[in-house]
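Fold and geometry: a report
Residues per chain, in single letters:
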There are 2 protein chains.
Amino acid sequence: MTGNARAKRAKVARWSILASLLLAGQLAEAKGETPERRWTLEDIVTAPKITSLALSSDGSELAYIQMAGDIEKNQTMHIVYRLDLSTGQRTEMVRSGVAMQLEAIEGERAWNVLLDIGEGQQLYRVDAGSEPQIVLASEASITIGETEGGLFAISFIAPHRVGVLAYDWSPDRKWLWYAALKPGSDEPKVQFDNEVVVQKQRRRAPVSAVVELRLRSASGEDMLVATRPASDRLAFHYAGTVSWADDGLRYYVETTYGTQSDKSEAFDLKFNSMTSIPAGEQQGLSSVDFVKGPRGGLLTTDGYGSALELVETGADGKRHSYGKHPFYLGDPRAAGSWRSVDGKRTILGMRTTAHPRYGLVLVSSAGPRTILTLGSLTRCDFRYDLEWGICVEEAMNQPPRLVKVEPSSGKITAIASVSKRHEAISPLRVTSHRWINRSGHNATGFIVWPREFEQGRRYPSILVTHGSDADERFADQDLQWDYPVQLWAERGYVVILVNEPSPRQSPELMAGYAQWSTGSGPLSPIEVQRRAWLNVVETFEDVTTQLVNEGIVDGARVGIAGYSRGSQITNVAITQSRHFKVASSGDGHFLEPTIYPISIRSYGAIFGGPPSGPYLENYLRISPSLRAGAVCAPVIQQLAAAHAGAIDFHVALRAAGVPAQISLYPGETTATEETHLFHIPSNRLLAMRENLAWFDFWLRGQKDLNAPFPEHLDQWAKMADGFGQRCGLKAENPQDASAIR
Amino acid sequence: MTGNARAKRAKVARWSILASLLLAGQLAEAKGETPERRWTLEDIVTAPKITSLALSSDGSELAYIQMAGDIEKNQTMHIVYRLDLSTGQRTEMVRSGVAMQLEAIEGERAWNVLLDIGEGQQLYRVDAGSEPQIVLASEASITIGETEGGLFAISFIAPHRVGVLAYDWSPDRKWLWYAALKPGSDEPKVQFDNEVVVQKQRRRAPVSAVVELRLRSASGEDMLVATRPASDRLAFHYAGTVSWADDGLRYYVETTYGTQSDKSEAFDLKFNSMTSIPAGEQQGLSSVDFVKGPRGGLLTTDGYGSALELVETGADGKRHSYGKHPFYLGDPRAAGSWRSVDGKRTILGMRTTAHPRYGLVLVSSAGPRTILTLGSLTRCDFRYDLEWGICVEEAMNQPPRLVKVEPSSGKITAIASVSKRHEAISPLRVTSHRWINRSGHNATGFIVWPREFEQGRRYPSILVTHGSDADERFADQDLQWDYPVQLWAERGYVVILVNEPSPRQSPELMAGYAQWSTGSGPLSPIEVQRRAWLNVVETFEDVTTQLVNEGIVDGARVGIAGYSRGSQITNVAITQSRHFKVASSGDGHFLEPTIYPISIRSYGAIFGGPPSGPYLENYLRISPSLRAGAVCAPVIQQLAAAHAGAIDFHVALRAAGVPAQISLYPGETTATEETHLFHIPSNRLLAMRENLAWFDFWLRGQKDLNAPFPEHLDQWAKMADGFGQRCGLKAENPQDASAIR
């Protein structure tokens, strides 16, 4: 045993004591404050999310980025904290609208991170002692975001100027590889056919930008290696994903012909010549994300069902099985992956198939070892030797906290809370479930129980859904968006957070989802619709029916809410079934005929072609606006932008006499839009209050005194007149009647 | 007879001599140049349009605004000329991207005019001797036009900043009333329901602006009278249409509740108190356009048919008839109106019902006197006593020229040509026609004959249509847009310029059009569709069939082209009939389901409601994209903006295997759009060349060596493969077959 290893162990010993001290103090504080501190909307908006963490090179300090709504500033802020692991002292190093790609600097107690603190997004160095220092700046003339003159990119932060998109140091730190965003040519020209078609929903002028892949030497020489279109996702998001060698590097770019190609191309660059030599093209973009196992092969989880096979596949195609396990690899919400320097051990983030949460798996020649807590381990950083690491642990009713993870033993020790405010909330009861639908498919999820739940009483209930985001994370916006899940439970709703049946459970389901995604496959459009939408709606009907049968839920007072994918399901649910009595549909308009031109590939699978001629009947089967006459649930649509299909649905609902409201939440200016996941705290608060008032009105017949737009209550009452009656009776229009299942 | 009157007569005598000298010289010059100077595309783009003219206060000089494409500058320019009526000398006073509201200054040989010569649109004074002098400037912080950050307003010029929108001097010139455009409040806020619905097709951030109605006194005091929303059309376009009294004024604004109301409201303002007192609300916006006759009543033309009744209606409702005449009043393309100071005589611009052209009618106690030439009198200005005036005379084959008009005698004398270049073109043969369709409705129009037309040979033919714009104007963009009518005739096409059947000919047709416009009425959607669209298509079928029957046109080679309203008719024609073999559809997308949210009122009449539920079948009857399977004509769509409905039609055509192309012409920058009537000369030239190549390819089977995008010729050939065959056969899809009439 080397002195170095001893030192580490000693440190570990100190850890445990410190950790229990820290945690005990916080718990006491939380308990002492008020015995029954209930959830507030402000708690949801300020719920912290740790997006990244990095141990200092010597393991003595941890830096992490914490994102949360700042109600006073009315912004979503990223704060970079530093935690001294020996003293437990936490200090704020910097706060910024953007903070990403946090990486420890070798040999120092300092980090590199991309920040925007006034000069646009640039590369900084942060440490305990000083102001952030700029390491690399590139003129930030392009703004990214949903604003006039901005370059559109999927982003959930306020529009901001960007100089440096991403960076990568060579292992010896002699070379700095980076991607810079630069203006492209914007000579106006005549455009034709598909160049025009894709503009159907364009709401802003196109902004021309290119990504420059550049290399800076130790002596400060700065070389342009390649100029890529901004549509090259590998260049834009990952600076072309570099792998380093001693004499040069290999970088990967997406092969683009103006559109996304799903193909990538490698180039080799030698430091002595500085020219890029093509090194082959390949299908897919994820080449660099593959993770090597102890045998040098790539680790994946394969197969279908609740346990998947963990496989290591060698370059020769030989497969080594580590057996079947109830988790899968590759989920972007899971922690990353780490490989020991000697290559003998790999740690990978994974997600469990039942009771959905995120854990780790250590793979060594001894086989896999699963590391799980009651909640999730969502973000981690490990020492180079994988002896220990720090992770974020969180759960539905556990705010994020930092824990120490020792992979060999599986030991997990709490280190530090990150939010006293949220620790102080008296947790709601949350239970994990697995439901089976009428076709035998299972769906996972949770019930958040009313705080004063009494067995034997029937409760109004709201089902919240968003793909597979019902998992053990804390008040996460990915699932609950602007649905005030915890407040509903406080108000006496049974809140059902449910995932759609995972396509991983059966090849049949997977085939439907795959065809939707790729646009091609053997299934008919009707079959794709059935597997990827109608089956989900049936599942949710069955989940709530079970709770009604168990005497928990009042079947006459069941609502549904979902944004994005959840909005698809919500819209399909109410246009196919009378099971749900009221709906809140967030920022979605998929399946609507009007967006065919921007959804050609997937609509090919779902409908066969555009909404005309022989394909029209496939739209009539499932497009929400074409089935508005079948709706018996009032619908509120909360939008971040004036989506064309959402407008069509609203108009059709109104024409069909269905109580309906659209609320469009604004961006920072009238020339800026809110983001799909709202990033403006005041909008989140208003939208949640609107949902509280909406469901109280339609499910409990109550006018919420705290309704954010009180004048709407009377409008809802007016729209309600006669509507319930109409839906209680048989549909008068035979066309509508046939639409009801 | 006073000395003053003698002086005027004497001047007139000089006139005639001068005029014949000027004109003779030009004709000689034109004839001498080349005996057979043919039309070029550049001739079309540079064809002058006189938008306004104004005699100086003493009648010795004329100022006029001439608009034309400037190919070298690649801009549409407005040049303000001054013509010395005694010497015939013409001088350019100023050129500007904008020039409007040209008015003589009382007592001077000078004019006021709104110009943008660097400071945004402001009020200037121009005269023979000096540079334009600024009279009134208001900070021009708002840009009007189709550009990012610009305020949308229907406009056919490049985006430009505006300070002064409009102005009006009091008769004694002591007061200057004007409208200034100012930034409004643009606090972002949550928007609901219809506020969101109308944004379905919004392509730019809304720009908040208000119109300030202001009054400036002789001493320079500047007072804000009222602040109006930019949506108030009376305020925005007419500065609130003032009528002056000695002690104050009355102004009119549109009653707005965020949307167009078609109601106006009057306010009285006394100079001594400077407060606005409401003076009543009324239906309609045109109150100030009514023209008084010799009995003090309002002059209108009433009834239906080819002759309409000229009526003067007194304030007491009593009607005095001046008999039936083959013209109507109130056409915005006709010359304006003038009333003698003594009120005994009124001159009004009118349009004839047969052989469509614009003339004048002098109404006095002696009855009406019609003033007509072979072509049109499109713009005029008359002396206060109506003894004489100057008009623009033009015709299909006569470039605009200035003529003197003496209303009492009806004498018309040519004064000056305005474009030697266009006088030099050897005129094409143009004949005027009136066709009767199968239902007995008549349609007027023209044939532009191939220059080397031979009786007995059958010619390929192109029908060009745009509402009622086929009339005696010279190469006017209103009708021919970017369809190179004259070049087609030069290339050997029989070009048919045809108006749709005027709804003025029958109450039945008018009812259909009125319901379309107002959104309400007794007709079923099917009947509205029949009267306002299908009847037009039948008419155009019948027109061309007659020419085929006369042995002039080859029925297998008939194409159709139209923009805007013409694009509607073109799209309906090819989706309802196989009569037309190829189509060019310009910048239109009306009748498409996708634009329901921005066409709710008219779509209510045409379809009954939104494209869902019981209304969907009405869309299936006539929406072009829903009938793409019936199309047997290749379709090019030339666009000034990426209109959603045009894209849907293109996509549906392609999916149905119909050869189809979209060409989107750009604005000055990638953040700016071309205007509905293209204003960028290079775009006009390219679009016309594209149309030449398109029709030559599909009607004559020729690959145009001058095609502007030669790579498209092969694409067209590829799309043509098998297409003709398919359309020669019975439709394979029964749904499509039923669609063919």
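Residues numbered from 1 in each chain as written. Chains lettered and ligands numbered in written order. Predicted model: local features only at pLDDT ≥ 70, side-chain atom pairs only at ≥ 80, totals over all residues. Heavy atoms only, no water.

**Quick word on the overall build of chain A**
- Within chain A, the regular secondary structure consists of 17 helices and 39 strands.
- Taking 2.2 N^0.38 as the reference for a compact globule, 741 residues should give roughly 27 Å; the C-alpha atoms of chain A span a radius of gyration of 26 Å, in line with that estimate.
- With respect to the principal axes defined by its C-alpha atoms, chain A has extents near 80 × 70 × 55 Å.
- Looking at chain A as a whole, 61% of its 741 residues qualify as buried.
- A separation of at least 24 residues holds for 57% of the contacts in chain A among residues at least 6 apart in sequence.
- Only carbon and sulfur atoms are counted for the fraction: they give 51% of the accessible area of chain A, which is about 28300 Å². (Helix = DSSP H or I, 4+ residues; strand = E, 2+ residues; numbered from the N terminus. Rg over C-alpha atoms; globule rule 2.2 N^0.38 Å. Buried < 20%, exposed > 50% of the residue type's maximum accessible area, 1.4 Å probe, protein only. Contact = heavy atoms within 4.5 Å. Areas by Shrake-Rupley, 256 points an atom, 1.4 Å probe, with all protein chains shown as cover.)

**Side note on the nonpolar core**
- Among the nonpolar cores identified, the biggest contains 66 residues, and A:Trp533, A:Ile574 and A:Ile606 are the most heavily contacted of them.
- For this core, the element with the most residues is helix α9 (residues 525-549) of chain A, which contributes 10 residues.
- Residues in contact with A:Ile606, not counting those within four places in the same chain, are A:Trp516, A:Pro525, A:Val528, A:Gln529, A:Trp533, A:Phe590 and A:Leu591.
- In this structure, A:Ile662, B:Val543, B:Tyr603 and B:Ala628 belong to the second largest nonpolar core, which totals 65 residues. (Core = buried A, V, L, I, M, F, W, Y, C linked by side-chain atoms within 4.5 Å.)

**What about empty space enclosed by the protein?**
- Scanning the entire structure with this criterion turns up 3 cavities of 30 Å³ or more.
- Roughly 340 Å³ of internal volume is contained in the largest cavity.
- Looking at the largest cavity, it is lined by 27 residues, and the ones nearest its centre are A:Pro593, A:Thr594, A:Pro611, B:Pro593 and B:Thr594.
- Of all the secondary-structure elements, those providing two or more residues to the lining of the largest cavity are α13 (644-655) of chain A together with α13 (644-655) of chain B.
- Its residues assigned to classes, the lining of the largest cavity comprises 18 nonpolar, 6 polar and 3 charged.
- The space that makes up the second largest cavity amounts to roughly 60 Å³.
- In this structure, the second largest cavity is lined by B:Met396, B:Asp469, B:Asp471, B:Arg473, B:Ala475, B:Asp476, B:Leu479, B:Gln480 and B:Leu497. (1 Å grid on protein atoms, 1.4 Å probe; cavity = no way out; pocket = protein on both sides within 12 Å on 5 of 7 lines; lining within 4 Å. Points joined across faces, edges and corners; volume = space filled by probe spheres on them. Nonpolar A, V, L, I, M, F, W, Y, C, P; charged D, E, K, R; others polar.)

**Here we look at the pairing of strand β39 (residues 660-664) of chain B**
- Across the 5 residues that make up β39(B), a large majority, 5, are buried.
- Residues B:Ala660, B:Ile662 and B:Leu664 of β39(B) are buried on one face, and the alternating residues B:Gln661 and B:Ser663, pointing to the opposite face, are buried as well.
- Here strand β13 (residues 191-192) of chain A pairs with β39(B) via 2 bridges, running antiparallel. Its bridge partner being in β39(B), A:Phe192 is matched across the sheet by B:Ser663.
- Across 5 bridges, strand β38 (residues 635-639) of chain B lies against β39(B) in parallel orientation. Bridge pairing links B:Gln637 to B:Ile662 in β39(B).
- Tracing the backbone out of β38(B), into α13(B) and back to the parallel element β39(B) gives a crossover that is right-handed. (Pairing = 2+ DSSP bridges. Right-handed = clockwise from strand over helix to strand, strands pointing away.)

**Thoughts on the interface of chain B and chain A**
- Across the boundary between the two partners, chain B contributes 61 residues, which contact 61 residues of chain A.
- Each partner contributes to the roughly 4600 Å² buried at the junction of chain B and chain A, and carbon and sulfur atoms together form 62% of this total.
- Here A:Asp648 ties to B:Lys200 by a salt bridge, and the two come within 2.8 Å at their closest N and O atoms.
- Counting the contacts that link chain B with chain A gives 19 residue pairs in polar contact (both at pLDDT 80 or more).
- Counting residues per element, the ones that place at least two in the side of chain B that touches chain A are β13 (191-192), α3 (194-197), α12 (616-622), α13, β39, α14 (681-700) and α15 (711-720) of chain B. (Buried area = accessible area lost by both parts, 1.4 Å probe. Salt bridge = Lys/Arg side-chain N within 4 Å of Asp/Glu carboxyl O. Polar contact = N/O pair within 3.5 Å; in protein donor to acceptor, adjacent residues only side chain to side chain.)

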